Structure formats: structure tokens, C-alpha cells
Amino acid sequence: MLATFLVEIILLILTLAKRRLSNVTILVSITLFMLAFFQLCEYFVCGGLGVDGALWSRLGFVAITTLPALGIHIIHEIAHRKKRWLVAGAYLLMAIWIVLFGFTDKAFSSQLCVSNYVIFGLQHYVGYFYSAYYYGILLIGIMLAIKFGESAKNKKQKEALYAMIVGYLVFLLPTAAANTISPATMAGIPSIMCGFAVLFALILFAYILPRTTRPKNN
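Quantities reported herein were computed from a predicted structural model and do not represent experimental measurements. (Residues numbered from 1 in each chain as written. Predicted model: local features only at pLDDT ≥ 70, side-chain atom pairs only at ≥ 80, totals over all residues. Heavy atoms only, no water.)

Draft legend 1. Representation of the environment of glycine 89 in the model. Among the structural elements, glycine 89 can be located in helix α5 (residues 85-103). The spacing of glycine 89 and alanine 69 is 20 residues in sequence and 8.6 Å in space, taken between C-alpha atoms. (Helix = DSSP H or I, 4+ residues; strand = E, 2+ residues; numbered from the N terminus.)

Draft legend 2. Quick look at the environment of glycine 167. Locating glycine 167 in the fold gives a position in helix α7 (residues 155-181). For the pair glycine 167 and valine 198, spaced 31 residues apart in sequence, the C-alpha to C-alpha distance is 9.6 Å. Leave out the neighbours within four places in its chain, and glycine 167 touches Phe200 and Ile203. (Contact = heavy atoms within 4.5 Å.)

Draft legend 3. Expanded view of the side chain of histidine 76. Here histidine 76 is to be found in helix α4 (residues 67-79). Once residues lying within four places of it in the same chain are set aside, the contact partners of histidine 76 are Arg81, Lys83, Arg84, Leu86, Val87, Leu144 and Phe148.

Draft legend 4. Main features of the packing of aromatic side chains. In the structure shown here, the tally under the stated rule is 9 aromatic pairs. Between tyrosine 130 and tyrosine 133, the ring centres sit 5.9 Å apart and the planes meet at 35°, which makes this aromatic pair tilted. Of this pair, tyrosine 130 and tyrosine 133 are both found in helix α6 (residues 124-151), 3 residues apart, which corresponds to roughly one turn of the helix. Under the relative-accessibility criterion, tyrosine 133 is labelled buried at 5%. Clustering of aromatic rings is evident, with ring pairs tying together Phe61, Trp97, Tyr130, Tyr133, Tyr134 and Tyr135. The aromatic ring of tyrosine 207 is capped on one face by arginine 211, whose charged end is 3.6 Å from the ring centroid. (Phe/Tyr/Trp six-rings, centres within 6.5 Å; stacked < 30°, edge-to-face > 60°. Buried < 20%, exposed > 50% of the residue type's maximum accessible area, 1.4 Å probe, protein only. Lys NZ or Arg CZ within 6 Å of the ring centre and 35° of its normal.)

Draft legend 5. Up close: the pattern of salt bridges. Throughout the structure, instances matching the rule amount to 2 salt bridges. Among the ionic pairs, arginine 84 bridges to glutamate 77, the shortest N-O distance being 2.7 Å. Note on glutamate 77: relative accessible area 9%, which makes it buried. A salt bridge links glutamate 159 to arginine 211; its shortest N-O distance comes to 2.8 Å. Of this pair, glutamate 159 sits in helix α7 while arginine 211 sits in helix α8 (residues 189-212), and the two are 52 residues apart along the sequence. On the basis of relative accessibility, which here comes to 26%, the residue arginine 211 falls in the partly exposed class. (Salt bridge = Lys/Arg side-chain N within 4 Å of Asp/Glu carboxyl O.)

Draft legend 6. How the structure looks around a nonpolar patch on the surface. Among the surface-exposed residues, Val7, Phe196, Leu199 and Leu202 lie close enough to one another that they form a single nonpolar patch of about 280 Å² accessible area. Ranked by residues supplied to the nonpolar patch, first place goes to α8 with 3 residues. Looking at the secondary structure, you find leucine 199 in helix α8. For leucine 199, a relative accessible area of 38% translates into the label partly exposed. (Patch = residues over 30% accessible without salt bridge, like charges linked within 9 Å, V, L, I, M, F, W, Y side chains within 5 Å. Areas by Shrake-Rupley, 256 points an atom, 1.4 Å probe, with all protein chains shown as cover.)

Draft legend 7. Spotlight on the packing of helix α2 (residues 23-43) against α4. Closest axis-to-axis distance for the α2/α4 pair is 10 Å, and the angle between their directions is 160°. Considering the angle they form, α2 stands roughly antiparallel to α4. Along this stretch, α2 crosses α4, giving a crossing that reads as left-handed. Contact residues: α2 offers Asn23, Val24, Leu27, Val28, Ile30, Thr31, Met34 and Leu35, while α4 offers Leu67, Leu70, His73, Ile74, Glu77 and Ile78. Residues that form the contact of α2 with α4 fall into these classes: 10 nonpolar, 3 polar and 1 charged. (Axes fitted to C-alpha atoms, helices over the stretch in contact; angles between N-to-C directions. Parallel < 35°, antiparallel > 145°, perpendicular 65-115°, else oblique. Left-handed = near helix turned anticlockwise from the far one by under 90°. Nonpolar A, V, L, I, M, F, W, Y, C, P; charged D, E, K, R; others polar.)

That is the geometry; function is a separate question.
In C-alpha cells form, the structure reads like this:
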């Protein structure tokens, strides 16, 4: 967790140091921060820095809840799409889940303190709805990237959109494979997914940013 946290924080620092500020730069930076912050929350799942594990758990769920909406927004920015009702809808759903996780006890059935798995036990009905929100928006993002990529006339723009698809798949497919091989890992989906998401972070930094933003020295 600490190694993943450090990689993502270094990528964040390099992004802010080397790339000119733009909407894509800002959104990618927030995404890198949220990925890194989730790893930190996992590391302190049993408590740390004077904060109990319950609060770290809530903060971890809040962090990963932002990622689908940020992804939809990044795809729209890359494609230069002005009609963004899907982005607004994704942020609205994100806000509802953040309120539920951050300010109520309705979502959780139990608190867990384990080495590398999900930090709160969600109520069954909450888990189903949250999975629909999370995977639903990620799948919409993949479909949008395909659609926008097909109509993109700029080569770098097309490459960046297709890279978003690859970025999503590099953490969705291994997670699905792990759950298929060992159904017991279903309890650790957030942890497993965000572990593989470091590959998505690397794709954002090394492939997508160079094609969608300008370096500061240019």
C-alpha cells in the first residue's frame, strides 16, 4: 500500500511540475491524488496519525467514489465535448454516495480491520446499488471513449481516448479474474481494484497527459 501510495504521489508531483495547467491536467491530478489517498486510508485501516480506523475507512470510500465521475469528465475533456449531461449526472450520483459514506451510518453493517481488504462491511442492498453506480459509470466511460474515439479527427486525441479504455481494463479485468478464481476475494474488490489501478495511473501520466496537455517548458 505504501509503495503504491508513493508511486501515485510521485506521479502527481511530476504532473504538477511538468505539465501546464489545463482541465485535463487538473482532473488527472485529482484522480492521482484520490488513488494515492485511498492507499493511505488502507494503510491506516486499523487507525493511525491520531485518527481511528472508522474515519480512515469512511475517507477511503469517499476517495474511490470520486473516480468514476472523474473518469467520465476526463473523457469528455479529451474529446472536447460541450454537452456534458452525463458528467453532471455522474457528479450528482458521486455526491449522494459521498454524503452516504461520509456523514451517515446507514451504509455499513460492520467495521473491519484487516491487512489488505475492504475496510467496511456494506449493507447488502447498499453494496448492490454501489456496484451498479461504480461499474455502470465505468462501462459508460468505456462506451463513450469508443464512440468519441471513432469520430475523433485528431490522432493524439484518438490515441488518448483509446488509452482511457485500456486504462480502465487494466484494473477491471484482473479484478474480475481474481474474483472468478477465488470468490472469497469479492470482499476485497475496492482494495484489489485500486491496487491494479496504479497501472491506470501510469497510463494517465505517461501516455494520456503527453497527448492532451503541454509541457511547462514549451
